[in-house]
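As a plain string of letters, each chain reads:
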Amino acid sequence: MDKDCYILVFDIGTTGNKCTLFRPDGHRVCAHTVNYNTTYLRPGWSQQKPEDYWESVVAGTRALLEKSGINPSQIAVIGLSGHMNGCIPVDGEGNVLFPNIIHSDCRSHPQCAGLMKMFDAKDFYYITGNRIDPHYTFPKVMWLKDNYPEIYAKTSYILNSKDYISFRLTGELGYTDFSDASLTCMLNLREGKWAEELVKEAGLDVNKLPRLVPSFYILGGLSPQSAGVLGLKVGTPV
């Protein structure tokens, strides 16, 4: 990578998006945080609007370009990280069907009780590396199906925050990495694939889970539409 190039990183955190420019040697050039809201409709409920993540990417990118004064063509690659354990249902075109039920949400206690009746706790832990808990994605998807079956039926993929932003940047829908998948409680850690038997026994459709890729995977290039909104170069790797 050319030393005059930059790495643009978005960290979709719990309270805001930390947008940062780095040089290839890891030196931080410029940073800007864009905050967004969490809604608490009931005790134990925590949800966010995925559209707020995208708006933070747009605002953060524009702020970094203005602060740093660099040429957008100097940005060589875009990296992503984000909070996990969420549940963003989207349709086949990537439209969000329900707010993100984020990691701190614990509304799915009844679904966890159901899982505990279905599976032996030790066997579940051996397969997924996690215990049955309402903060994970698995029971949240069950809650969505139980309470909003019409939304679940329309859902093509269940995404996390980073997955949604990668789609908005590239237009490539339905991907996640192994790190995010590991905290859904639906990944078979030893085999490196979705734990299909667990998912199916719980009454969920394994085809609604995104395709698994490594964390270093280049999902695609920045789409013309997103590049225009962000003021960046079309095709920038994400």
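Look above for the structure.
Right, let's walk through the structure included here. Not measured: the values here are computed from a predicted model.

About the cut-offs
- Residues numbered from 1 in each chain as written.
- Predicted model: local features only at pLDDT ≥ 70, side-chain atom pairs only at ≥ 80, totals over all residues.
- Heavy atoms only, no water.
- Helix = DSSP H or I, 4+ residues; strand = E, 2+ residues; numbered from the N terminus.
- Buried < 20%, exposed > 50% of the residue type's maximum accessible area, 1.4 Å probe, protein only.
- Polar contact = N/O pair within 3.5 Å; in protein donor to acceptor, adjacent residues only side chain to side chain.
- Contact = heavy atoms within 4.5 Å.
- 1 Å grid on protein atoms, 1.4 Å probe; cavity = no way out; pocket = protein on both sides within 12 Å on 5 of 7 lines; lining within 4 Å.
- Points joined across faces, edges and corners; volume = space filled by probe spheres on them.
- Nonpolar A, V, L, I, M, F, W, Y, C, P; charged D, E, K, R; others polar.
- Salt bridge = Lys/Arg side-chain N within 4 Å of Asp/Glu carboxyl O.

1. A short note on the side chain of S223
The residue S223 is located in the loop between β12 (211-213) and α9 (224-230) in this model. Note on S223: relative accessible area 15%, which makes it buried. Among the polar contacts listed, one links the side chain of S223 to the backbone nitrogen of S226, at a separation of 3.2 Å. Apart from the residues lying within four places of it in its own chain, the contact partners of S223 are R168, L169 and T170.

2. Quick notes on empty space enclosed by the protein
Enumeration according to the criterion identifies two cavities of 30 Å³ or more in this entry. By volume, the largest cavity amounts to about 70 Å³. Together, 13 residues line the largest cavity, and I158, N160, T184, W194 and P210 are the ones closest to its centre. For the lining of the largest cavity, the per-class residue count stands at seven nonpolar, five polar and one charged. In this model, the second largest cavity occupies a volume close to 40 Å³.

3. A closer look at the layout of surface pockets
Empty space left among the atoms is revealed by rolling a probe the size of a water molecule over them. Size it by volume and the largest pocket reaches roughly 300 Å³. As for the largest pocket, its lining consists of 18 residues, and the residues nearest its centre are L80, K162, P214, S215 and Y217. Looking at the lining of the largest pocket, the elements that each hand over two or more residues are β5 (75-82), α6 (161-170) and β9 (175-177). Top contributing element to the lining of the largest pocket by residue count: β5, with four residues.

4. Some remarks on the pattern of salt bridges
Inspection of the entire model under this criterion finds eight salt bridges. Among the salt bridges present, the one from D105 reaches R107, with a minimum N-O distance of 2.8 Å.

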